[in-house]
Amino acid sequence: MTTGNRIVAAAFGGALCLAASSGLSAADASLTMKPLMAASFDAGPKHVVSYFVGGENGCRLTMMVIDSALEEDPTPVTPATRLVVTVADGKAAFFDSAVGTSLRFNCATGAETMRVDKINRVARAPGE
């Protein structure tokens, strides 16, 4: 394992440990994050660990996405995917799962906090 891979693995493991106390469960609809505060979310068959840092252009959001652990296989074999996106002050970014769950990340004015809302998208039949 290279030094770079060890650093990424250690950072991801640390973020998972920190996120244990700040998770967004199915019962919760939202969570407010502070800069460098790790947060953990279940989004359908995926698990997301994220944090952000504030800057001149807004909130620089980093998300690590991996398959959710199953009871029969608590250690997923798939690698994590890292996404980095800047969300402008007062704006939102949406990340959709394939099973009708979305995560909305709202960057507060001044990039001091970021609110995360779990949204369940359900299609309605015509005429409802």
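Structure: see above.
Predicted model only: the values in this text are computed from it and were never measured.

Participant: Can you walk me through the packing of aromatic side chains in this structure?
Facilitator: Where two aromatic rings form a pair, the distance of their centres and the angle of their planes describe that pair. On inspection of all chains with the given rule, the structure shows 2 aromatic pairs. Note on Phe-41 and Phe-105: the rings are 5.9 Å apart at their centroids and 85 degrees apart in plane angle, and the pair reads as edge-to-face. Of this pair, Phe-41 sits in strand β3 (residues 39-43) while Phe-105 sits in strand β8 (residues 101-107), and the two are 64 residues apart along the sequence. The pair Phe-41 / Phe-105 is uniform in exposure class, with both members buried. Consider the rings of Phe-95 and Phe-105, whose centres lie 5.7 Å apart with planes at 80 degrees: the pair is edge-to-face. One end of the pair, Phe-95, is in strand β7 (residues 92-96); the other, Phe-105, is in strand β8, and 10 residues separate them in sequence. Judged by relative accessible area, Phe-105 falls into the buried class, the value being 0%. Taken together, the ring pairs in this structure connect Phe-41, Phe-95 and Phe-105 into an aromatic cluster.

About the criteria used
Residues numbered from 1 in each chain as written. Predicted model: local features only at pLDDT ≥ 70, side-chain atom pairs only at ≥ 80, totals over all residues. Heavy atoms only, no water. Phe/Tyr/Trp six-rings, centres within 6.5 Å; stacked < 30°, edge-to-face > 60°. Helix = DSSP H or I, 4+ residues; strand = E, 2+ residues; numbered from the N terminus. Buried < 20%, exposed > 50% of the residue type's maximum accessible area, 1.4 Å probe, protein only.

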